[in-house]
Amino acid sequence: MQFTNEELKEKINILKDKLSVTVVAHFYQRDEVFEVGDITGDSLELATRTRDDDAEFVLFCGVGFMGQSVKVLSPHKRVVMPKVACCAMARMIDSMYFDDSIKYMNDHGIVKENILPITYINSNAEVKAKVGEMGGMVCTSSNAKKIITKALEEGKKILFVPDRCLGQNIANDMGLKSCVIGDGTDPKDADVICYNGFCSVHQLFTLDDITFYRKKFPGILIVTHPECDPAICEASDFVGSTSQLIKYIKELPEDQKVAVGTEFNLVNRLRDKNTYVLSSTKPECPTMNETTLEDVYVTLKAIDDGEPINEISIDESTQKWAKIALERMLAL
Ligand code: 13P
Ligand code: SF4
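A. Just the site of ligand 1, in detail. Around ligand 1, the neighbouring residues are His 26, Tyr 28, Asp 42, Ser 43, Met 66, Asn 122, Ser 141, His 202, Glu 227 and Thr 242. The separation between an oxygen atom of ligand 1 and a polar side-chain atom of His 26 is 2.6 Å. In this structure, Asn 122 approaches ligand 1 through a side-chain N or O atom, which is 3.0 Å from an oxygen atom. Relative to its unbound accessible area of 300 Å², ligand 1 is 95% covered by the protein chains. Class assignment of the residues belonging to the shell around ligand 1 gives a composition of 2 nonpolar, 6 polar and 2 charged.

Encoded structure:
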């Protein structure tokens with residue numbers, strides 16, 4: 001039987017009142033899913049805020065690595081996801097590709113002891129665990145600069161996985177030399193050696209889009225996320241993580257036009273007027289959009305029926321090392 005969104009919301013609210021469950025939704029979720037979130041935010045906020053929440057279940061509306069981060073940081077919680085959708089960037093690296101990247105650096109004369117790995121939070125728990133075991137840590141787009149600054153104190157080469165754009169953008173911002181594995185640069189000549197992963201959504205923004213908006217609306221501000229290509233970030237007026245972009249845009253005068261290079265659902269609910277999506281294509285994250293209101297209802301119903309579905313579980317060793325990598329970041 002098909003329900004309208006209003007009917008589904010009503011059913012969801014009844015189950016939320018009855019069950020010990022917190023519904024968590026990332027900023028990139030569809031509007032109707034975002035609206036039923038008890039906790040909303042970026043990936044880091046969601047992982048840390050659910051840690052302080054005392055419901056038995058976390059129903060996580062987002063992508064797989066985010067639900068895993070909640071489970072890693074709060075192993076006693078039961079984390080279920082309406083859709084275990086996998087972020088396309090996180091899927092670009094696994095523990096085997098991680099080992100290959102270490103080998104690539106070894107083959108270029110950089111021994112393991114001289115490598116400090118940093119993984120963007122957009123990676124699965126196995127990769128975070130590998131990083132943790134090697135003394136490295138996790139970063140998000142909000143704190144990547146701080147984490148790299150700290151890591152450089154150890155005087156080692158930084159292996160940055162999986163997002164080459166974030167790694168290069170931060171390196172450029174800090175005046176460091178970066179390279180991408182396989183680009184022909186000797187990694188010994190770089191401070192930050194980036195894995196060749198990327199976000200397909202944030203690759204949609206082009207220099208032509210920026211030229212178009214600057215011509216159409218002289219004085220418009222271009223703001224982008226650091227998952228965009230370095231050439232795009234270089235041509236932007238402001239570059240920031242999801243939370244930083246929201247704060248920046250909310251503080252602009254109402255009549256200031258702005259074109260934003262990040263995920264559509266977020267941009268769409270930022271401001272009523274004078275806000276444009278920096279693309280001729282709708283930059284929706286396909287995996288974030290997989291979760292529907294009906295999925296949220298079905299997942300709550302399964303908890304109510306005593307047979308939870310799509311529950312996240314992580315083996316003990318992965319859990320231990322991934323937690324260490326995440327906690328090293330939180331300690332900073
Ligand atoms: P946040 O860490 O800002 O939530 O972003 C994650 C992400 O997937 C951005 O594309
Ligand atoms: Fe992953 Fe890109 Fe979607 Fe973010 S927008 S969840 S990086 S695919």
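B. How the structure looks around the sheet that holds strand β3 (residues 57–61). Here we have 4 strands laid out as an open sheet, ordered β2-β1-β3-β4, and parallel in their pairing. On the outer flanks of this sheet lie β2 (39–41) and β4 (78–80), each paired with one strand and no other. Neighbour-to-neighbour, the strand axes of the sheet open up by a mean angle of 20°, direction not taken into account. Pairing between β3 and β4: 3 bridges, direction parallel. When the sheet's bridge partners are listed, Leu 59 is paired in β4 with Val 80. In the packing of helix α3 (residues 43–51) onto the sheet, contacts are made with β1 (21–26), β2 and β3, and the angle to β2 comes to roughly 150°.

C. Main features of the sheet that holds strand β13 (residues 275–277). The strand order across the open sheet formed by 4 strands is β11-β10-β12-β13, and the pairing between neighbours is parallel. Two strands close off the open sheet at either side, each with one partner strand: β11 (238–239) and β13. Pairing of strand β10 (residues 221–224) with strand β12 (residues 258–261), which is carried by 4 bridges, proceeds in the parallel orientation. Looking at β12, one finds that Ile 222 is bridged to Ala 259. Of the strands in this sheet, β10, β12 and β13 touch helix α9 (residues 207–216), which is tilted by about 150° from β10. Helix-sheet contacts for helix α11 (residues 242–250) involve β10, β11 and β12, and the interaxial angle to β10 is about 160°.

D. Just helix α8 (residues 164–174), in detail. The buried fraction of α8 amounts to 8 of the 11 residues, a majority that puts the element mostly inside the structure. Of all the residues in α8, the buried ones are Arg 164, Cys 165, Leu 166, Gly 167, Gln 168, Asn 169, Ile 170 and Ala 171. Buried residues in α8 make contact with β5 (115–120), α7 (144–152), β7 (157–161), β8 (178–180), β9 (192–194) and α10 (230–234). Where α8 begins, the capping side chain belongs to Asp 163, and its oxygen is found 3.1 Å from the backbone nitrogen of Cys 165.

E. Highlighting the pairing of β5. Within β5, 6 of the 6 residues are buried, which leaves the element mostly enclosed by the surrounding structure. Burial of β5 is two-sided: the residues Ile 115, Pro 117 and Thr 119 facing one way and the residues Leu 116, Ile 118 and Tyr 120 facing the other way are all buried. Inspection of the sheet shows β5 paired to β7 by 5 bridges, in the parallel sense. Counted as the bridge partner of Thr 119 is Val 161 from β7. The handedness of the β5 to strand β6 (residues 137–139) crossover, carried by helix α6 (residues 125–133), is right-handed.

F. Quick peek at the packing of aromatic side chains. By the definition in use, this model includes 7 aromatic pairs. When the centroid spacing of 6.3 Å and the interplanar angle of 80° are considered together, the rings of Phe 3 and Tyr 297 count as edge-to-face. Placement of Phe 3 in the segment before α1 (5–18) and of Tyr 297 in helix α13 (residues 293–304) is noted, with a sequence separation of 294 residues between them. The buried category is assigned to Tyr 297, whose relative accessible area is 14%. With centroids separated by 6.4 Å and ring planes inclined at 20°, the aromatic side chains of Tyr 213 and Phe 217 adopt a geometry described as stacked. Grouping residues by exposure puts Tyr 213 and Phe 217 together as buried. Taken together, the ring pairs in this structure connect Phe 212, Tyr 213, Phe 217 and Tyr 276 into an aromatic cluster.

Analysis parameters
- Residues numbered from 1 in each chain as written.
- Chains lettered and ligands numbered in written order.
- Predicted model: local features only at pLDDT ≥ 70, side-chain atom pairs only at ≥ 80, totals over all residues.
- Heavy atoms only, no water.
- Near = heavy atom within 4 Å.
- Polar contact = N/O pair within 3.5 Å; in protein donor to acceptor, adjacent residues only side chain to side chain.
- Areas by Shrake-Rupley, 256 points an atom, 1.4 Å probe, with all protein chains shown as cover.
- Nonpolar A, V, L, I, M, F, W, Y, C, P; charged D, E, K, R; others polar.
- Pairing = 2+ DSSP bridges.
- Helix = DSSP H or I, 4+ residues; strand = E, 2+ residues; numbered from the N terminus.
- Axes fitted to C-alpha atoms, helices over the stretch in contact; angles between N-to-C directions.
- Contact = heavy atoms within 4.5 Å.
- Buried < 20%, exposed > 50% of the residue type's maximum accessible area, 1.4 Å probe, protein only.
- Right-handed = clockwise from strand over helix to strand, strands pointing away.
- Phe/Tyr/Trp six-rings, centres within 6.5 Å; stacked < 30°, edge-to-face > 60°.

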